[in-house]
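Chains, contacts and geometry: an overview
Residue-level listing of the chains:
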Amino acid sequence: MTMDAMLEISDCSVDFGGLKAVDSLDLSVAEGEMVALIGPNGAGKTTVFNAITGVYRPTGGAIHFKGQSLDGMQSYRINRLGIARTFQNIRLFKNLNALDNVMLGFNSASQRHMIGTMIRSPESEQDREEIVRRSRELLDWMGLSAASAACSMDLPYGQQRRLEIARALATQPKLLLLDEPAAGMNTREKQELAGLIERLRKEFRLTLMVIEHDMKMVMSICPRIIVLDHGRKIAEGNPSEIQNDQTVIEAYLGEKPVAAA
Amino acid sequence: MKTLQNNIFLFVLLGVTLALNFALQRWLDPYYYKILVDVGIAIILAVSLNLINGITGQFSLGHAGFMAVGAYVAASISVFLVQPWMQGAGLSGDTNLIAGGILVGVAVVVGGICAALAGLVVGLPTLRLRGDYLAIATLGFGEIIRIVILNTDQVGGARGMSVFPTPSAMGGAPVKSSFFWVFAWMIVCVTIVARLAHSVKGKALFAIREDEFAASTIGIDTTRYKVIAFLTGSFFAGIAGGLFAHSSTGFITPGGFDTQKSIEIVVMVVLGGLGSISGAIIAAVVLTIMPEALRGFSNYRMVVYSLLLIIVMLTRPQGLMGMKELRWPWRAKAGG
Amino acid sequence: MRQDFRIVELFLQYALQGLKLGSIYALIALGYTMVYGVLRLINFAHGDVFMLGAMLSIYFARWTKLGAHPSWISLVAIMAMAMVACGLIGGVIERVAYRPLRNAPRLSLLITAIGVSLFIEYAGQLSQVFGATPQVFPSLVGNHQWTIAGKLTISTVEALVFVVAVLLMLVLHGIVHHTKLGLAMRAVSFNFQAASLMGVNVNRVISFTFVLGSALAGAAGVLYGLSYHSVDPLCGFMPGIKAFVAAVLGGIGSIPGALLGGFLLGEAETLTAGYISSTYKDAIAFVILIVVLLVKPSGLLGKRVVEKV
């Protein structure tokens, strides 16, 4: 636990009617870090993201972002503090085009009042142009400029994942949570994504938390890895430490029940 | 100045409507005039419900309830305030079309505001309900509104309320919802709903429909937007109610605003395409004219509607237009 | 002293009426609750199937001439016919209108259900079908008034409605908890996908649920006809919606909940009609609905469900 942690999760638990999806988790992420969250299926990784973003209210413990407690805060407020995320099962606005999806990310940044848009005031028109410009910039960044007018539902899988990241970036986050960004991608796409994430981190000065199953990718881009199993943190360290950790190997191979460890 | 330029098209349209008003009143057969007014009211109802059900994806089954609030409030203002005053001042709706129209306009606006307030009262507690629960809750609210009116003797209860007094008491013809007032409101309603839905901020309404939770994780205050949709939608339902109360016979009964009326509006929105404003307009026009055009059809009207609903859902669930819009040809490229 | 007695007597008389109405709501609510359990659909057409139960019974009684000879046998025969007919209709509705939308958004399903409901109501009003005017329901069984405890009276029909409702609920409870099909129903309502992976024939289970629920609605229709004597094609809409309220009040998905909700709603309505005003009778159900949804959306006996994101 460090004082300068950007995200501080302390003794956090999430219960689902007796089932502890997250069990007394302590976790902290410093500004500028890139942390991977790994673990077998059902280890509670996504639940951690859900707890951070206000989907589930932790049954115990606390989550602080930049020293502010997130307890009981609604998702949209948490986002406005500077936390954005993507989803394991891509949740784009399916029937809207790519540009609209990204523009919606700027929704809370737009200062114009609705009344202005009703009467088409020049200010609101400018505001719109500005947001369109910035959205196109983001699409360019993610290599999606050709797809901007396409219905997001019709985009190939890899592009949908990148679009979701672009939408999250539009909210100007400090902390970005990526939930299995490489799922369903082939090796080449994964490599591109890894490079892209690295560039994004520098360009937007992001702090990142990534849930990922592809160990090769995780090991190559994340200096620090946290391993969850049955809702508990079972290991934490740099890639080589994790690779040689006996508890982690057991958790993945399922040789021994981890609860005994 | 720039703002004015941006809206020039709108003013031209309103001007044309006003000019048409005098031409139509003079030369159009009263029967067709009535149908035209009905069409305008139906469009306001369909487009405003489309904002709630289609664009924001919050399935309301209580639109007729808000229409009832607008109708009864506007009618009451007309009967208890405007008409006695006009009579006292020796004014007649015939000779003072503009003055009378404005007074009735005020009544209609107040009706709309009251309907919007009712929408707020309904919306705040129920908007956290999802899908079918919201449908039943709004249906319930619509029924409660109707039953309250049914039990209010001052507005006639079950017997209904006559908005226009006998001609002798008025000293002339009463002020009716003329073509101009109905279509002016229709233009305002369509413009506001379209601009709201396709503005930078208002796109959030579509986002809520598509994925409410994802919308909230990108900083969209979903409750606030749902309330805005509900407020705007019920406001225009109230306006439509007020105009309806002052149209044709000027006679309203609580039974005219029952669940069946709500469902009729839903049918228009669904057939037109949930989320498509032009679709809602087309459906409103067709479904209002069809029963008039096909004599003897009225018995089968609801049977056909219900079959259409089922067939559309089974074969083309996105409705006639899907989410697409017809645009003015010269603006198609601009994407305004 | 006498005055007090009369007040209590009146209250009990209302309460008995409420029990009768509540039994009918409960029977309809069972169908809602079961269908909602497996499909997460408010089957708007359910109230209209209930109406068909009552309406078709009139025709059955006419064709078989059983209406002219009131007896327990006539009653049982007509009720059996109504239940079979409604079960079939329910099955057909599911097969034709709902099954093709199994993977569609829930909103499409809801709109289709509204469509089916409208279709039954308005097709029924056509003169070629039932016609719009109310029809008289035959008295299928001798209706005797018994006086119990002073001036309190109870009729055969009132007792019958209550007994049949409770009996059918017990049968249903038995089916759901003690048969293989019932187990499959519970599995499907617990988790659609998982059940299908476990080898449950989901389509068959859903069909069965509709048939069962609709048969109960058919029985409720007969009891409604016996109680209120007049049936028209629109008479199923409001009871249907209110029975849904009863199901929500009791806790949607819960069989005892449907029964409890039905009785409570029946009592609430009759007491409102008796003590406040009969015109407000229809509003009370919706007030209850909104309060329940706001205060305890899971209902009195329902389980709280965590929404999976």
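Residues numbered from 1 in each chain as written. Chains lettered and ligands numbered in written order. Predicted model: local features only at pLDDT ≥ 70, side-chain atom pairs only at ≥ 80, totals over all residues. Heavy atoms only, no water.

**Observations regarding the pairing of strand β7 (residues 175-179) of chain A**
Residues and elements named next belong to chain A. Of all 5 residues in β7, 5 are buried; the element is thus mostly enclosed. Burial along β7 is two-sided: Leu-175, Leu-177 and Asp-179 and Leu-176 and Leu-178, pointing in opposite directions, are all buried. In the sheet, strand β6 (residues 83-85) pairs with β7 via 3 bridges, with the strands oriented parallel. In the strand pairing of β7, Arg-85 is matched with Leu-177. As judged from the 5 bridges shared by β7 and strand β8 (residues 207-211), these two strands associate in the parallel manner. (Buried < 20%, exposed > 50% of the residue type's maximum accessible area, 1.4 Å probe, protein only. Helix = DSSP H or I, 4+ residues; strand = E, 2+ residues; numbered from the N terminus. Pairing = 2+ DSSP bridges.)

**Quick notes on the environment of Val-48 of chain A**
Residue and element names in this part refer to chain A. Inspection of the secondary structure assignment puts Val-48 in helix α1 (residues 45-52). By relative accessible area, which is 2% here, Val-48 ends up buried. Expressed as a C-alpha distance, the spacing of Val-48 and Arg-134, which sit 86 residues apart in the sequence, is 31 Å.

**Description of the packing of helix α2 (residues 46-64) of chain C against helix α4 (residues 106-125) of chain C**
Residues and elements named next belong to chain C. At a minimum axis separation of 8 Å, α2 and α4 run at an interaxial angle of 30°. Relative to α4, the element α2 lies roughly parallel. Like other packed secondary-structure pairs, α2 and α4 cross with a definite hand, here left-handed. Residue-level contacts link Asp-48, Met-51 and Leu-52 of α2 to Ser-117, Ile-120 and Glu-121 of α4. (Axes fitted to C-alpha atoms, helices over the stretch in contact; angles between N-to-C directions. Parallel < 35°, antiparallel > 145°, perpendicular 65-115°, else oblique. Left-handed = near helix turned anticlockwise from the far one by under 90°. Contact = heavy atoms within 4.5 Å.)

**Things to note about the packing of aromatic side chains**
Given two aromatic rings, their pairing is described by the distance between the two centres and the angle made by the two planes. All names here are of chain C. The tally for this structure, following the rule as stated, stands at 22 aromatic pairs over all chains. Taken together, a centroid distance of 5.1 Å and an interplanar angle of 75° make the contact between Tyr-14 and Tyr-275 edge-to-face. On the criterion of sequence distance, the pair formed by Tyr-14 in helix α1 (residues 2-39) and Tyr-275 in helix α10 (residues 255-275) is long-range, its members being 261 residues apart. In this structure Tyr-275 comes out as partly exposed when scored by relative accessible area, which is 42%. Centroid distance Tyr-59 to Phe-130: 5.6 Å. Interplanar angle 45°. Geometry classified as tilted. (Phe/Tyr/Trp six-rings, centres within 6.5 Å; stacked < 30°, edge-to-face > 60°.)

**Regarding the interface of chain B and chain A**
Contacts between the two partners involve 33 residues from chain B and, on the opposite side, 33 residues from chain A. Between chain B and chain A the total buried area reaches about 3,200 Å² when both faces are included, carbon and sulfur atoms providing 60% of it. Contact with chain A buries area across many residues of chain B, yet Val-200, Lys-201 and Ile-218 of chain B alone supply 22% of it, more than any other trio. Linking chain B with chain A are 2 salt bridges, by the criterion used here. A salt bridge links Lys-203 of chain B to Asp-100 of chain A, with the shortest nitrogen-to-oxygen separation between them at 3.3 Å. The tally of links between chain B and chain A comes to 12 residue pairs in polar contact (both at pLDDT 80 or more). Where the side of chain B that touches chain A is concerned, the elements lending two or more residues are α1 (2-6), α8 (179-198), α9 (203-217) and α10 (222-245) of chain B. Residue contributions to the side of chain B that touches chain A peak at 12 residues, all from α9 of chain B. Looking at the side of chain B that touches chain A residue by residue, the class counts come to 14 nonpolar, 10 polar and 9 charged. (Buried area = accessible area lost by both parts, 1.4 Å probe. Salt bridge = Lys/Arg side-chain N within 4 Å of Asp/Glu carboxyl O. Polar contact = N/O pair within 3.5 Å; in protein donor to acceptor, adjacent residues only side chain to side chain. Nonpolar A, V, L, I, M, F, W, Y, C, P; charged D, E, K, R; others polar.)

**Notes on the side chain of His-63 of chain B**
Residue and element names in this part refer to chain B. Mapped onto the elements of the fold, His-63 is located in helix α4 (residues 63-88). For His-63, a relative accessible area of 0% gives the class buried. Non-local contacts of His-63, meaning those with residues more than four positions away in its chain, are made with Leu-45, Ser-48, Leu-49, Ile-52, Gly-233, Ala-237, Ser-262 and Ile-265.

**Details of the nonpolar core**
Judged by nonpolar contacts, the single largest core of 217 residues is most densely connected at Leu-61 of chain B together with Phe-44 and Tyr-98 of chain C. Top contributing element to this core by residue count: helix α3 (residues 30-55) of chain B, with 15 residues. When neighbours within four sequence positions are excluded, Tyr-98 of chain C is seen to be in contact with Leu-41, Asn-43, Ala-45, Ile-93, Leu-109, Thr-112, Ala-113, Val-116 and Phe-210 of chain C. Membership of the second largest hydrophobic core comes to 49 residues, among which are Leu-99, Ile-131, Leu-193 and Val-210 of chain A. (Core = buried A, V, L, I, M, F, W, Y, C linked by side-chain atoms within 4.5 Å.)

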